[in-house]
Amino acid sequence: MVVEPKVKGFICTTAHPKGCEESVRRQIASTKKFGMVEGPKRVLVIGSSTGYGLASRIAVTYGYGAGTIGVAFERESNGKRTATAGWYNTKAFEKFAKEDGYYAKSFNGDGFSEEIKKQVIECIREDFGQVDMIIYSMAAPRRTLPDGTSVSSVLKTVGEPFTNKTIDLRTNEIKEVTVPAANEEEVRATVQVMGGEDWKDWITALNEAGVIKQGAVTLAYSYIGPVVTHAIYKEGSIGHAKKHLYDTSVELSEQFANIGLRAYIAVNKALVTQSSAAIPVVPLYISLLYRVMKDAGLHEGCIEQMNRLFLDKLVGDVETDDQGRIRMDDYEMKEEVQQKIADVWDGIDSGSVQELADIKEFWDEFYHMFGFGYDNVDYTEDVEI
Ligand code: NAD
């Protein structure tokens, strides 16, 4: 079948198997350039198929020489529809890792469920004995709770509605968007989905099974961002969940001090991923950020961020801010970067956006996420989906 991109709003409903393989191959090549450093050798990655989780899995495999167990929730092809990008990425990653002599096993299912946790624990017992690193990089729209009820996360403000500029991803026009305020229940549900509860459930279950090695490290990812996005992100419903995630990191380090577990939040840079493209205001900010950071020679994608996290910041004495967080957004938040964005934000409109923002890079990265737009992939060719 010839696979073409079908974009609907902020999502592409098709994915290209060969293009996804190319995306994984390029990320692996980027990590290999760094060479190896000493690090954990048995790593569990929860949310391992796309975005920051996939880049983490690649960085620890090719940077530490680690074996990895991955968990993700992806859709397989039914023969007519393509699989999701994360499904193809996982197949491609396993293929490359095995060819290069690294252990790689993946579970496809609901990471919130007890069932997947049990299967993963069994696998760790049999194949690893124990893990020395647990990366929690799940970004999900909803969660089925242990009692069977389902809760959904929302991307809303807390308190007052918020109006600001956004980019209409169908037309590249700059428009105003009003983000409504979440009610208490929606905030609570967002915290249940994207906060630290499930991270803690994983660590607790792994510890009870005795499969966490003494002195292991666990990481989860967060975002803070500039003032223009605070109402929708840092102070919004997702920000409440991220605060809970941070509080959980402190709690985990205390609660599991007996096994020397160190829990960190890495505050990552804003990037195009399937999750971030869905947040109002953020894609416009990201395309401005790309322009400014590229001009300053500071641009990084998921894999560059994760290479710097695992091969630099986490090696030796872990570099943190005064709250114990690892700041991967250090370049993004540089004053000169933020000032340049603030200078143009108020005046930007549909006429000037092409010049001031790097819309091309935004769309290139968007298509790359689904395996499209690589110059060395023949998209006219029939492929096995
Ligand atoms: P993503 O959408 O690319 O990846 C999400 C991953 O979670 C995928 O592997 C997916 O399969 C998995 N997943 C979703 N639901 C699942 C479920 N029920 N069970 C098992 N796996 C499930 O997202 P991302 O942007 O890489 O986000 C990862 C983390 O990084 C999140 O905590 C996010 O908030 C954070 N972060 C993202 C950005 C950004 O700009 N994208 C910036 C800073 C921090």
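Cut-offs applied
- Residues numbered from 1 in each chain as written.
- Predicted model: local features only at pLDDT ≥ 70, side-chain atom pairs only at ≥ 80, totals over all residues.
- Heavy atoms only, no water.
- Helix = DSSP H or I, 4+ residues; strand = E, 2+ residues; numbered from the N terminus.
- Buried < 20%, exposed > 50% of the residue type's maximum accessible area, 1.4 Å probe, protein only.
- Lys, Arg positive; Asp, Glu negative; His and termini not counted.
- Salt bridge = Lys/Arg side-chain N within 4 Å of Asp/Glu carboxyl O.
- Polar contact = N/O pair within 3.5 Å; in protein donor to acceptor, adjacent residues only side chain to side chain.
- Contact = heavy atoms within 4.5 Å.
- Near = heavy atom within 4 Å.
- Areas by Shrake-Rupley, 256 points an atom, 1.4 Å probe, with all protein chains shown as cover.
- Disulfide = S-S within 2.5 Å.
- Axes fitted to C-alpha atoms, helices over the stretch in contact; angles between N-to-C directions.
- Parallel < 35°, antiparallel > 145°, perpendicular 65-115°, else oblique.
- Left-handed = near helix turned anticlockwise from the far one by under 90°.
- Nonpolar A, V, L, I, M, F, W, Y, C, P; charged D, E, K, R; others polar.
- Phe/Tyr/Trp six-rings, centres within 6.5 Å; stacked < 30°, edge-to-face > 60°.
- Lys NZ or Arg CZ within 6 Å of the ring centre and 35° of its normal.

Student: For the side chain of E74, give the residues involved together with the corresponding values.
Tutor: Note that E74 resides in the loop between β4 (67-72) and α3 (85-99). Nearest to the buried, unbridged E74 among oppositely charged side chains is R75, at 7.8 Å. Polar contacts involving the side chain of E74 include one to the side chain of S49, which spans 2.6 Å. Separated by 2.6 Å, the side chains of E74 and T84 make a polar contact. The residues contacting E74, other than those within four sequence positions of it, are S49, T50, T84, G86, W87 and N108.

Student: Which residues make up the site of the ligand, and what values do they have?
Tutor: Not every one of the 30 residues close to the ligand is listed here, only the nearest: S49, G111, K242, T273 and S275. One nitrogen or oxygen atom from the main chain of A139 is found 3.4 Å from an oxygen atom belonging to the ligand. One of the side-chain nitrogen or oxygen atoms of T273 is found 2.6 Å away from an oxygen atom of the ligand. Summarising the interface, the protein chains cover 93% of the accessible area of the ligand, which totals 840 Å² for the free molecule.

Student: Can you tell me about the state of the cysteines, naming the residues and giving the values?
Tutor: Under the definition given, this model contains zero disulfides. The closest cysteine sulfur to the non-disulfide-bonded C20 is located on C12, 9.5 Å from its own sulfur. Of the residues examined, C20 reaches a relative accessible area of 0% and is grouped as buried.

Student: Give me the lowdown on the packing of helix α1 (residues 17-32) against helix α2 (residues 51-64), citing residues and values where you can.
Tutor: Interhelical geometry of α1 versus α2 gives an angle of 45° and a closest axis separation of 9 Å. In terms of orientation, α1 and α2 fall into the oblique class. Two packed elements cross with a definite hand, and for α1 against α2 that hand is right-handed. Across from V24, Q27, I28, T31 and K32 in α1, the residues of α2 making contact are L54, A55, I58, A59, Y62 and G63. Taken together, the residues of the contact of α1 with α2 break down into seven nonpolar, three polar and one charged.

Student: Please give an account of the packing of aromatic side chains that cites residues and values.
Tutor: Under the defined criterion, the tally for this structure stands at 13 aromatic pairs. Ring geometry for Y64 and F310: centres 6.2 Å apart, planes at 85°, overall edge-to-face. Within this pair, whereas Y64 is found in helix α2, its partner F310 is found in helix α10 (residues 302-313), the two being separated by 246 residues in sequence. The exposure class assigned to Y64 is buried, which follows from its relative accessible area of 3%. Ring geometry for Y136 and W199: centres 6.5 Å apart, planes at 25°, overall stacked. Residue Y136 is found in strand β6 (residues 131-136), and its partner W199 is found in helix α6 (residues 197-208); the two are separated by 63 residues along the sequence. Both residues of the pair, Y136 and W199, count as buried. A network of ring pairs unites the aromatic residues F362, W363, F366, Y367 and F370 as a single cluster. Directly above the aromatic system of F96 lies the positively charged group of K95, at a separation of 5.2 Å from the ring centroid. Above the ring of Y331, the side-chain terminus of R308 is found at 3.8 Å from the ring centroid.

Student: Explain the environment of Q130 to me, and be specific about the residues and the numbers.
Tutor: On the secondary structure map, Q130 appears in the loop between α4 (114-128) and β6. Among the residues examined, Q130 registers a relative accessible area of 32% and is labelled partly exposed. For the pair formed by Q130 and R42, sequence separation is 88 residues and the distance between their alpha carbons is 7.4 Å. If near-sequence neighbours (up to four positions away) are discounted, Q130 is found in contact with R42, I124, G210, V211, I212 and K213. Within the structure, the side chain of Q130 is placed 3.1 Å from the backbone oxygen of G210, a separation counted as a polar contact. At 3.3 Å, the side chain of Q130 forms a polar contact with the backbone oxygen of I212.

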